[in-house]
Amino acid sequence: MKLFKQLLLATSLLVTAVAPSMAADADPDPDTLKVALLPDENASELIKRNQPLKDYLETTLNKKVELIVTTDYSSMIEAMRFGRIDLAYFGPLSYVMAKSKSDIEPFAAMVIDGVPTYRSIIIANADSGIESYADIKGKKMAYGDRASTSSHLIPKTVLIEQGGIEADTDYEQHFVGTHDAVAVNVANGNADAGGLSEVIFNFVVERKLIDPARVKVLGHSKPYPQYPWAMRSNLNDDLKANIRDAFVSLDDEEVLKNFKAEGFAPITDADYDVIRDMGKLLNLDFSTM
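To keep things clear, this report deals only with the structure shown in the data block. (Residues numbered from 1 in each chain as written. Predicted model: local features only at pLDDT ≥ 70, side-chain atom pairs only at ≥ 80, totals over all residues. Heavy atoms only, no water.)

### Quick look at the sheet that holds strand β3 (residues 87-89)
Read from one edge to the other, the open sheet built from six strands follows the order β2-β1-β3-β12-β4-β13, with strand pairing classed as mixed. One side of each edge strand has no neighbouring strand; the edge strands of this open sheet are β2 (64-68) and β13 (263-265). The mean angle between the axes of side-by-side strands here comes to 25°, regardless of whether they run parallel or antiparallel. With five bridges joining them, strand β1 (residues 32-36) and β2 adopt parallel strand pairing. By the bridge assignment, Val35 is partnered in β2 with Leu67. In the packing of helix α5 (residues 73-81) onto the sheet, the strands contacted are β1, β3, β4 (104-111) and β12 (228-232), and the crossing angle to β3 comes to about 160°. Seen against the sheet, helix α6 (residues 92-99) touches β4 and β12 and runs at an angle of roughly 170° to β4. (Pairing = 2+ DSSP bridges. Helix = DSSP H or I, 4+ residues; strand = E, 2+ residues; numbered from the N terminus. Axes fitted to C-alpha atoms, helices over the stretch in contact; angles between N-to-C directions. Contact = heavy atoms within 4.5 Å.)

Given below as structure tokens:
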């Protein structure tokens, strides 16, 4: 909890250190759209896998597209805040954090199995002796990025709600950066347990990045709204409409294959109030981040 609050304070100081007029100066109709991808996996791999998305957007929007993967969630929030990127694929928590500091709007989220929701899972090393959430007490728990929803906020909330188990008080928390790093650290025994996105865990297993016999799934969270795509509100109205349509009407199999999605559905900021509610559970004040 202490580390997470320190992140929020650092983010707040970072974004208030520069004049807020910078974002207002961003081009409302840029020749090249800068599209940021969520930095929850290896950067070069993310850009390579999203080449079909780049090609699709360039053709559909008649714009050049530059794919960007920032070093971490905080730098992605900063980049959106100051107009250095035009649209971005956020995690729900990083979106809420960015929204509190930026004039941005969400417009689409993935649809998987007919719904625009997803779950987090909590896993444990097979030899850790952990059979339930209660067994995490006294152990080492791995999370991804501090601003990650499914690899930090959700699993941490699950442990509090279902077992009253709190970070630092009941277990050691370690942040390893990405979802796949959580899985690898737990499988290798560097962490006893960890939290990450169910989709990414399945992807890591499918790609044989870990031996599935080395980990066990302790449980799943309830469904939460999918990762949102968001864009600068000061983009040209026609361009914003075209971007929304490009995602909501997207049926390109190569693009959707990377997201493991059936398509994208329209979303609004209100869909992420549930994330704000989780922040209240952890005593976070998004308005003062």
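### Focus on the sheet that holds strand β7 (residues 140-143)
Sheet strands pair via backbone hydrogen bonds, and the direction of the pair is either parallel or antiparallel. If you trace the five strands from one edge of the open sheet to the other, you get β8-β7-β9-β6-β10, paired in mixed fashion. The open sheet has two edge strands, β8 (172-175) and β10 (215-220), and neither has a second partner. Strand-to-strand twist in this sheet, taken as the mean axis angle between neighbours without regard to direction, amounts to 30°. Two elements, strand β6 (residues 120-125) and β10, share five bridges in a ladder whose sense is antiparallel. Bridge pairing links Ala124 to Lys216 in β10.

### A look at helix α10 (residues 237-248)
The first and last C-alpha atoms of α10 sit 17 Å apart over 12 residues, in line with the 16 Å expected at 1.5 Å per residue. For α10, the full list of buried residues reads Leu239, Lys240, Ile243, Ala246 and Phe247. Each buried residue of α10 lies within a common arc of 125° when the element is viewed along its axis, so the set occupies one face. The exposed residues of α10 that point more than 90 degrees off its buried face are Asp237 and Asp238. On its buried side, α10 packs onto β1, α4 (51-61), β3, β4, β12 and β13. Its side-chain oxygen 2.7 Å from the backbone nitrogen of Asp238, Asn236 forms the N-cap of α10. (Expected span 1.5 Å × (residues − 1). Buried < 20%, exposed > 50% of the residue type's maximum accessible area, 1.4 Å probe, protein only. Arc of directions from axis to C-beta. Polar contact = N/O pair within 3.5 Å; in protein donor to acceptor, adjacent residues only side chain to side chain.)

### Regarding unusual backbone geometry
For Asp113, which is not glycine, the phi dihedral falls at a positive 55°. In this structure, Asp113 sits in the loop between β4 and β5 (117-118). One non-glycine residue, Lys260, lies in the positive phi region at around 55°. With respect to the element layout, Lys260 can be found in the loop between α11 (253-259) and β13.

### A short note on the nonpolar core
Core analysis: the biggest nonpolar cluster contains 74 residues, and Phe90, Trp229, Ile243 and Phe247 have the highest contact counts within it. By size, the runner-up hydrophobic cluster in this structure holds 14 residues, among which are Ile123, Ala142, Ala183 and Ala187. (Core = buried A, V, L, I, M, F, W, Y, C linked by side-chain atoms within 4.5 Å.)

### Some words on the environment of Val69
Inspection of the secondary structure puts Val69 in the loop between β2 and α5. Through-space distance from the C-alpha of Val69 to that of Val35 is 8.6 Å; in sequence the pair is 34 residues apart. Apart from residues no more than four positions distant in its own chain, Val69 is found in contact with Leu37, Pro39, Ala43, Leu46 and Ile47.

### Re the pattern of salt bridges
This model, assessed by the stated rule, comprises 15 salt bridges. A salt bridge links Glu105 to Lys240; the nearest nitrogen and oxygen atoms lie 3.4 Å apart. Remark: Lys240 occurs in helix α10 and Glu105 occurs in strand β4; sequence separation between them is 135 residues. The salt bridge partner of Glu206 is Lys260, with a shortest N-O separation of 3.6 Å. Placement of the pair is Glu206 in helix α9 (residues 198-206) and Lys260 in the loop between α11 and β13, with a sequence separation of 54 residues. Exposure remark for Lys260: the relative accessible area of 36% places this residue in the partly exposed category. A single network of salt bridges, built from pairs that share partners, joins Glu105, Asp237, Lys240 and Arg244. (Salt bridge = Lys/Arg side-chain N within 4 Å of Asp/Glu carboxyl O.)

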